[in-house]
Every structure is written in C-alpha cells, then in structure tokens.
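One letter stands for each residue in the lines below.
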Amino acid sequence: MKRIIRLFPVVLSLLLAVSCGEKKKSDDIITTKAERPQIQEPIRMQEYKQVKDIKWLNKNYQVEVCRQPADSLRKVKDEVGQEFVDNHITLRIIRADGTIFFNRMFTKAAFEAQLDEDYRKTGILEGFVFDKVDGNQLVFAASVSHPQTDEYIPFVVTVSNFGDVGIRRDAHLDTYASDEDEV
C-alpha cells in the first residue's frame, strides 16, 4: 500500500502535466483565394436617346440627344485591364418647320482641355442631357466618367442662338433645383 501511495503523486503529476499542456497552435491563416475578375470583350454602354420639345426665344424647337458607343474611338482600360468602348453623342436642335438649327457630334476630345491626365486616359464620355433654357442659350449637363463607377467630372455645355458652343466644368451640382430654374 505504501508503494501505491508513493506512486499516487507521480501519477497525479503526470496526469496534470498531460491535461494542462497547450494544444499546438498553427501560424497558418486560412483564407479564400481572391479570384481575379475575368476580362470580357470590350464593354459597351447602351444607346440612349432623349427628345424634348422646348420653347426658346418665343419659338418652338425640338432638342435631340443621342449617345452611341463608338468603336472608332480609342478604348479605355480600368485598373484590372477590362476594356471599355467610348461614346460619341450627337446633339441636334430642330426648328418647328423641321429644319436643323444645330447638329454636332461630341466626343471626349471636346472636353479634354478641362480633364486631368487620368480622365484623358481612363474616362469615357458618358452623359449628355438637356437641362434648361437660359436667355439666349440652351444649357446641357454632360459628364466624363470612369466606366462602371460613380466617379465623374460634370460639365455645363451651352449653345447660343448663334450656334456658339461653350463648355466648362460644372462648379456645383444642382441637386435641389427650384421651380424657377425649370423652363
């Protein structure tokens, strides 16, 4: 019996040592492998057409804005190498008798003097819509954007009653237009 009593502390020490031992920890970090996006054929925006009847300088006109992807323009690439087709936008201002007062095709080149190098290389002409009549000018909102993002540079394009075109960066976004602004 003395022998069992002497072995008891040894057995107890062994059991405690085994049960209190830490499990081996691994420094391995398990993650899912990020998949690289698959590059597709060049992505094209949908064609767009806006036709609006307006009264300008006491006469009736129709304003027509048409956006079309243009394979003839240089394609742009995003950060993963996906190509996008740039657009050209045709603006026509038609008199009530059907004759054309103004007809011009716009590309990103018309805005390049006011673009930084990044937008010159990776931006496309995305938007162009009629905004309002302002005295002897028709006012349009335009944008050059990074494709498939919310990043863009807004522009104001004006056409005078003599057919002169003005292009400038929009200094502020008019998100709360009052009733007075709409004509």
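The structure presented is a predicted model; accordingly, all values stated were derived computationally and were not measured.

Peer 1: Which residues make up the overall build of the protein chain, and what are the values?
Peer 2: Helix and strand counts for the protein chain come out as two helices and ten strands. Residues classed as buried in the protein chain amount to 31% of the 183 residues present. With the model as given, the accessible surface of the protein chain reaches about 13,300 Å², and the carbon-plus-sulfur share is 51%.

Peer 1: Could you give an account of the pairing of strand β9 (residues 152-160), with specific residues and numbers?
Peer 2: For β9, the tally of buried residues reaches eight of nine residues, placing the bulk of the element in the interior. Pairing geometry for strand β8 (residues 137-145) and β9, over nine bridges, is antiparallel. In the strand pairing of β9, A142 is matched with F155. Between β8 and β9, which pair antiparallel one after the other, the connecting turn spans six residues, and Q148 there sits at a positive phi close to 55 degrees. With five bridges connecting them, β9 and strand β10 (residues 165-169) associate as antiparallel partners.

Peer 1: Account for unusual backbone geometry, naming residues and giving values.
Peer 2: Not every positive phi belongs to a glycine, and L57 is a case in point at roughly 50 degrees. With respect to the secondary-structure elements, L57 resides in the loop between β1 (48-56) and β2 (59-69). A positive phi angle is found at N58, which is not glycine, with a value near 65 degrees. By the secondary structure assignment, N58 is in the loop between β1 and β2.

Peer 1: How would you summarise the sheet that holds strand β6 (residues 100-106) if you had to cite specific residues and measurements?
Peer 2: A sheet is described by the order of its strands in space; here four strands give the open sequence β1-β2-β5-β6, paired in antiparallel fashion. Each edge of the open sheet is held by one strand with a lone partner, namely β1 and β6. Each strand of the sheet is rotated relative to its neighbour by a mean of 10 degrees, with strand direction disregarded. As paired elements, strand β5 (residues 87-95) and β6 share six bridges and run antiparallel to each other. Bridge pairing in β6 places I94 opposite I100.

Peer 1: Explain the sheet that holds β8 residue by residue, including any values.
Peer 2: Spatial ordering of the open sheet is given by β7-β8-β9-β10, a layout of four strands whose pairing is antiparallel. With partners counted over all chains shown, the strands left at the sheet margins are β7 (124-134) and β10, one partner each. Adjacent strand axes in the sheet meet at a mean angle of 25 degrees, parallel and antiparallel pairs treated alike.

Peer 1: Would you mind going over the pattern of salt bridges in detail, with residue names and values included?
Peer 2: Per the stated rule, a full pass over the model turns up five salt bridges. Across the pair K49 and E64 runs a salt bridge whose closest N-O atoms are separated by 3.8 Å. Of the two residues, K49 is situated in strand β1 and E64 in strand β2; the sequence distance between them amounts to 15 residues. Residue K49 is classed as exposed on the basis of its relative accessible area, which comes to 53%.

Peer 1: Give me the lowdown on the nonpolar core, citing residues and values where you can.
Peer 2: Formed by 26 residues in total, the largest nonpolar core has its most connected members in L91, I93, F128, L138 and F140. Of all the elements in the fold, those that place two or more residues in this core are β1, β2, β5, β6, β7, β8 and β9. The contacts of F128, once residues within four sequence positions are left out, are Y48, V65, I89, L91, F106, F111, F140, A141, A142 and V157.

Peer 1: An account of the layout of surface pockets is needed here, citing residue identities and associated values.
Peer 2: Considered as a void within the structure, the second largest pocket measures approximately 150 Å³ in volume. Lining the second largest pocket are K77, D78, E79, F84, D118, T122, H146, P147, Q148, T149 and E151. In terms of residue class, the lining of the second largest pocket is made up of two nonpolar, four polar and five charged.

Peer 1: Give me the lowdown on the packing of aromatic side chains, citing residues and values where you can.
Peer 2: Summed over all chains, the structure comprises eight aromatic pairs. Taken together, a centroid distance of 6.5 Å and an interplanar angle of 40 degrees make the contact between F106 and F111 tilted. Assigned by exposure class, F106 and F111 land together as buried. For the pair F111 and F155, a centre-to-centre distance of 4.9 Å together with 55 degrees between the ring planes defines the contact as tilted. Pair noted here: F111 is in the loop between β6 and α2 (117-122) and F155 is in strand β9, with a separation of 44 residues, a long-range link. Classification of F111 by relative accessible area gives buried; the value is 0%.

Calculation criteria
Residues numbered from 1 in each chain as written. Predicted model: local features only at pLDDT ≥ 70, side-chain atom pairs only at ≥ 80, totals over all residues. Heavy atoms only, no water. Helix = DSSP H or I, 4+ residues; strand = E, 2+ residues; numbered from the N terminus. Buried < 20%, exposed > 50% of the residue type's maximum accessible area, 1.4 Å probe, protein only. Areas by Shrake-Rupley, 256 points an atom, 1.4 Å probe, with all protein chains shown as cover. Pairing = 2+ DSSP bridges. Axes fitted to C-alpha atoms, helices over the stretch in contact; angles between N-to-C directions. Salt bridge = Lys/Arg side-chain N within 4 Å of Asp/Glu carboxyl O. Core = buried A, V, L, I, M, F, W, Y, C linked by side-chain atoms within 4.5 Å. Contact = heavy atoms within 4.5 Å. 1 Å grid on protein atoms, 1.4 Å probe; cavity = no way out; pocket = protein on both sides within 12 Å on 5 of 7 lines; lining within 4 Å. Points joined across faces, edges and corners; volume = space filled by probe spheres on them. Nonpolar A, V, L, I, M, F, W, Y, C, P; charged D, E, K, R; others polar. Phe/Tyr/Trp six-rings, centres within 6.5 Å; stacked < 30°, edge-to-face > 60°.

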